[in-house]
Each structure stands twice: as structure tokens, then as C-alpha cells.
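Fold and contact review
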Amino acid sequence: MNEQELSRIVREERGLSLSQAFPALMRKVYTWMTLALAITGLTAYYVANNTDFVFNLFNSGLMWGLVIAELVIVFVISGMINKLSVTTATLLFVAYSILNGLTIAPLLLVYTGASVARVFFITAGTFAAMAVFGYTTKRDLSPIGRFLFMGLIGIIIATLVNVFFVKSAGMDLILSYLGVLIFVGLTAYDSQKIKEMLALCPEPDAQAQKLALLGSLTLYLDFINLFLYLLRIFGSRD
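Let me begin by describing the structure that accompanies this report. Not measured: the values here are computed from a predicted model. (Residues numbered from 1 in each chain as written. Predicted model: local features only at pLDDT ≥ 70, side-chain atom pairs only at ≥ 80, totals over all residues. Heavy atoms only, no water.)

Re the packing of aromatic side chains
- Counting across every chain of the model gives eight aromatic pairs.
- Here Tyr96 and Tyr220 contribute two aromatic rings whose centre-to-centre distance is 5.9 Å and whose plane-to-plane angle is 75 degrees, an arrangement assigned as edge-to-face. In this pair, Tyr96 is assigned in helix α6 (residues 86-110) and Tyr220 in helix α10 (residues 206-234), connecting sequence segments 124 residues apart.
- The class of Tyr96 is buried, set by a relative accessible area of 7%. (Phe/Tyr/Trp six-rings, centres within 6.5 Å; stacked < 30°, edge-to-face > 60°. Helix = DSSP H or I, 4+ residues; strand = E, 2+ residues; numbered from the N terminus. Buried < 20%, exposed > 50% of the residue type's maximum accessible area, 1.4 Å probe, protein only.)

Rendered as C-alpha cells:
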């Protein structure tokens, strides 16, 4: 039985396939995600209040080092989750949350506090609605997910081209709208995928907890990216 057939069976027998461990694992997904967002927010707020540090961060080239470190951590967690212990994976997730807070901190100096708060609540509402949709829908979102992933690759390439070569404000706005659409869709797709993945775990052992942590990282990334794209659209600059 291939993965697609297994996913179909899980969707068709959703009520019967959920193991006793499933509720606890889903709680872990959203608990870890919430804690990671809190760590990122507190880090960004603390760093943003130290303007000298933010200035040195930009002018020393350290920002690029932080971005590379973030990418490495995501690839390590995603690609080596089966080889990592739960403790190591969790510590890496915490480290990633802190690094993300450092890279987001400068935005708190660019945009007004009121607009950042407004966009955060818009993001939270949108994310919650799409997560619920992905969790409850009986429609198979796998084809949409593959399409969105290709769109994500395209938008990353287009963004890099715009930043280093074109430098068009209009293009940046268009890419921001496309980014919102992509991560709105990915939130629903990832929510369904995480549910189906955890529904097959018979007990909350170490392997199941690592899968839950990987799911929380995925949703965390969806939330953060959706927030950043919405901030570009609706954020008010100082």
C-alpha cells in the first residue's frame, strides 16, 4: 500500500483511525508552536529596544550569518528528525525561534507598534481559520500542496531577483500578495498532513513526539511567513 492510498484510507475513516495518542500529540504540536512564537516575539521585542545592537547587526554582516544558521537548523530538523533525540530536536527548535526573533527585530523599528500588533491579530485569525479548515475538510489537499510548494520556490527565486537586481517596490508588493495566498493555502495543507501523520501513531512515544515537533515547526514557519507578508502589505512605517 503506497502513501497516497494510506492517506486516502485515513481520510475516509477519520473517525475510526484516530488513536488514543492523537489528542495528546496534536496538543503538543500547537503548544510547541505557541511557545516558539512567544520566544520569537520576546526576543524580537528585547532586541528592538537595543537600537545599537540592531544597527551593528545590519552593518557587521552578522544578519546573513543568522539567516544561514536558520536555514541550517531547519534542514537539520527536517532531514535528520529520525536520528535526533526529542531533547536535541526541541533545543534546535528553541534556537531557531531565538534566531528568528533576532532577524525579525529590525522590523519593529521600521513599522509602528500599532500596525505590527494589528497585523499579528490578522495573521492569527487567518491562520486559525485555515488550520481549522485543513483539519476538518474531507477534501484531499495533496494536489494543492504540491502546487503551492512549486509556487513557493518560484516566489523565493523572484524575491531574490527583485532584491538584488530589479529592486522594484511594485514587484515587492505583488510578491507579498502572492506570498499571502501561498501560505494561507499551505496552512490548510500542512494542518491536514499533520493530522493524517499523527493519526497513525499508536502511542506518544519518542518517534511520535518528534513527528509532532516537526509538525509544529512546519506550522510555525507558515505563521511567521504569513505574518511577514501581511506586514509588508498592511504595516505602517514610522
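That shown, we press on.
Some words on the packing of helix α7 (residues 113-136) against α10
- One way to put it is that α7 packs onto α10 with a least axis distance of 9 Å and a crossing angle of 135 degrees. Accordingly, the angle class assigned to the pair α7 and α10 is oblique. When the axes of α7 and α10 are compared, the crossing they make is right-handed. Between α7 and α10, the residues in contact are Ser115, Val116, Arg118, Val119, Phe120, Ile122, Thr123, Ala124, Thr126 and Phe127 and Leu219, Asp222, Phe223, Leu226, Phe227, Leu230, Leu231 and Phe234, respectively.
- The class makeup of the residues in the contact of α7 with α10 is 13 nonpolar, three polar and two charged. (Axes fitted to C-alpha atoms, helices over the stretch in contact; angles between N-to-C directions. Parallel < 35°, antiparallel > 145°, perpendicular 65-115°, else oblique. Left-handed = near helix turned anticlockwise from the far one by under 90°. Contact = heavy atoms within 4.5 Å. Nonpolar A, V, L, I, M, F, W, Y, C, P; charged D, E, K, R; others polar.)

A word on a nonpolar patch on the surface
- A contiguous nonpolar surface patch, about 1,100 Å² in accessible area, is contributed by Trp64, Phe149, Ile153, Ile156, Ile157, Leu160, Val161, Val163, Phe164, Phe165 and Val166.
- Examining the composition of the nonpolar patch, we find that ten residues originate from one element, helix α8 (residues 142-166), more than from any other.
- Positionally, Val166 belongs in helix α8. (Patch = residues over 30% accessible without salt bridge, like charges linked within 9 Å, V, L, I, M, F, W, Y side chains within 5 Å. Areas by Shrake-Rupley, 256 points an atom, 1.4 Å probe, with all protein chains shown as cover. Salt bridge = Lys/Arg side-chain N within 4 Å of Asp/Glu carboxyl O.)

Structural notes on unusual backbone geometry
- A positive phi angle, close to 55 degrees, is found at Lys167, a residue other than glycine.
- As for its placement among the helices and strands, Lys167 is situated in the loop between α8 and α9 (169-199).

Without other data, these values stay purely geometric and don't point to any function.
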